[in-house]
Amino acid sequence: MSAQAPSAVILIRAERFTPNPATAADNAFQAEPPPGQSHLDTSVKALAEMDALADALRDVGVRVHVFADEDHTRPDSVFPNNWLSTHAGGSVAVYPMYASNRRHERRHDVLEMLKSSYRVQSIIDYSGLEPDGIFLEGTGAMVLDHVSRVAYTARSHRADSAVLERFCTDFNYEPMAFDAVDAHGVPVYHTNVIACVGTDVALIALEMIPDEVRREQVRERLSVNGRTVVEITEEQVREFAGNAVELCGRTAEGRRRYIMAMSARARRSLRPDQVAAIEESCEIVAVDIPTIELAGGSVRCMIAGVHLDRRPGVEPELTEAVEAINEDAPATADGRDVVLADA
């Protein structure tokens, strides 16, 4: 398994998708659906886009776990990376969310699937900080370099410095916080719209970091291990060029392949030289998701990467006692019903 690029992902198939009015105040990337488009039409279009992303990732050999969500009170549940992250060695983090109507996106069944299918040693839950007004929205708020152990973080309402320090202590990352703003001085709401860190390439809008000294420190830290830094512009950021993620797939022959997943809109915004720099180490997989992008996030936001080791696929031998438990409805080796949402 690649340290930086997970070979499995979690997607949420949000059947009641709509741009979330509770997050519009500080998310400058949100937009309204076209005039006259009903909530039903928006949801139907979004579902087709979610399915297209899942299919595209499967086609390049990424393992995709899909969970359905019929709850109309969770309009942003399509973005699970804000409440969940997984880490090599068996650790899982659960995060405090800024918008109150996003807090019940956290799902027990997702965590149970991870524990059943992967080696999970510990789950560290920071969500108890929400009543204190302290938030850190996962790998939206942080862009993690799993190789050099750096957590790049643009300060915002959704990325509190104190809980960032706590996360970095718990998970052994170096915090690298900075201010990032658009041309109007509006803070960037999530770091992962302006930056993507891959194994050998990184995309980042350094021009949106106004402090020149900090900007150069970020550039140097990203490139210290030989990684190519592709600078993107604010205009490209608004096309979601920064909201990409490196994944590890497999060829038909079983060979490892690195891909950079992004939206078709993001891909169209890139210059030929930027595409060439990315493709030196990754294949670009681009999927058209214009409806989902109305919510202010793109492909990276839709993906919660699984950096955990899989449990062996061999079924353990059943004892007589367990066979008796399972006699009427055979389930699992320990007699519990474990629902795997592995699509």
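Note that the structure is predicted; figures quoted are calculated from it, not measured. (Residues numbered from 1 in each chain as written. Predicted model: local features only at pLDDT ≥ 70, side-chain atom pairs only at ≥ 80, totals over all residues. Heavy atoms only, no water.)

Draft legend 1. Expanded view of the overall build of the chain. Looking only at helices and strands, one finds eleven helices and 15 strands in the chain. The dimensions of the chain, computed from C-alpha atoms along their principal axes, are 70 × 50 × 45 Å. Taking all contacts inside the chain whose residues are at least 6 apart in sequence as the whole, residues at least 24 apart take part in 75%. Carbon and sulfur atoms make up 49% of the accessible area of the chain, which totals about 14,900 Å². Averaging the coordinates of the 34 positive side-chain charges in the chain and doing the same for the 54 negative ones gives two points 2 Å apart. (Helix = DSSP H or I, 4+ residues; strand = E, 2+ residues; numbered from the N terminus. Contact = heavy atoms within 4.5 Å. Areas by Shrake-Rupley, 256 points an atom, 1.4 Å probe, with all protein chains shown as cover. Lys, Arg positive; Asp, Glu negative; His and termini not counted. Charge placed at Lys NZ, Arg CZ, Asp CG, Glu CD.)

Draft legend 2. A look at the sheet that holds strand E13 (residues 256-263). Ordered in space as E12-E13-E14, the three strands form an open sheet in which the pairing is mixed. Only two strands of the sheet have a single partner each, and these edge strands are strand E12 (245-250) and strand E14 (283-287). Along the sheet, successive strands turn relative to each other by an average axial angle of 40 degrees, direction set aside. The sheet contact formed by E13 and E14 spans five bridges and is parallel. Bridge pairing in E14 links Ala261 to Val285. Across the sheet, helix H1 (residues 39-59) lies against E12, E13 and E14, angled at about 160 degrees from E14, the strand it touches most. (Pairing = 2+ DSSP bridges. Axes fitted to C-alpha atoms, helices over the stretch in contact; angles between N-to-C directions.)

Draft legend 3. Spotlight on the pattern of salt bridges. Under the criterion given, the structure shown has 23 salt bridges. A salt bridge links Asp76 to Arg102; its shortest N-O distance comes to 3.9 Å. Highlighted residues: Asp76 in the loop between strand E2 (63-69) and strand E3 (84-87) and Arg102 in the loop between strand E4 (91-94) and helix H2 (108-117), separated in sequence by 26 residues. When its relative accessible area of 2% is taken as the criterion, Asp76 is described as buried. Among the salt bridges present, the one from Arg255 reaches Glu253, with a minimum N-O distance of 3.7 Å. Salt bridges linked by common partners bring Asp69, Asp71 and Arg74 together as one network. (Salt bridge = Lys/Arg side-chain N within 4 Å of Asp/Glu carboxyl O. Buried < 20%, exposed > 50% of the residue type's maximum accessible area, 1.4 Å probe, protein only.)

Draft legend 4. Here's a closer look at the pairing of strand E10 (residues 201-204). Of the two faces of E10, the one lined by Val201 and Leu203 and the one lined by Ala202 and Ile204 are each fully buried. From the end of strand E9 (residues 195-197) to the start of E10, which pair antiparallel, there are three residues. As paired strands, E10 and strand E11 (residues 228-231) are joined by four bridges and run parallel to one another. Bridge assignment links Val201 to a residue of E11, and that residue is Thr228.

Draft legend 5. Geometry of the nonpolar core. By size, the foremost hydrophobic cluster in this structure holds 40 residues, and its most contacted members are Tyr152, Phe178, Ile194, Val218, Met260, Met262 and Ile278. Listing elements by their share of this core, those giving two or more residues are strand E7 (150-154), strand E8 (174-178), E9, E10, helix H5 (212-223), E13 and helix H8 (272-279). Element by element, the count of residues in this core is highest for E10, at four residues. Here Val218 is in contact with Tyr152, Met176, Phe178, Ile204, Leu206 and Ile209, once residues within four sequence places are set aside. (Core = buried A, V, L, I, M, F, W, Y, C linked by side-chain atoms within 4.5 Å.)

Draft legend 6. The arrangement of the sheet that holds E10 in detail. On the basis of which strands lie adjacent, the open sheet formed by three strands has the order E9-E10-E11 and mixed pairing. Each having just a single partner strand, E9 and E11 make up the two edges of the open sheet. Taken pair by pair, the neighbouring strands of this sheet meet at an average axis angle of 15 degrees, ignoring direction. Sheet contacts for H5: E9, E10 and E11; angle to E11, the most-contacted strand, approximately 140 degrees. Running over the sheet, H8 touches E10 and E11 and is turned about 155 degrees from E11.

These results come straight from atomic positions and should not be treated as a statement about function.
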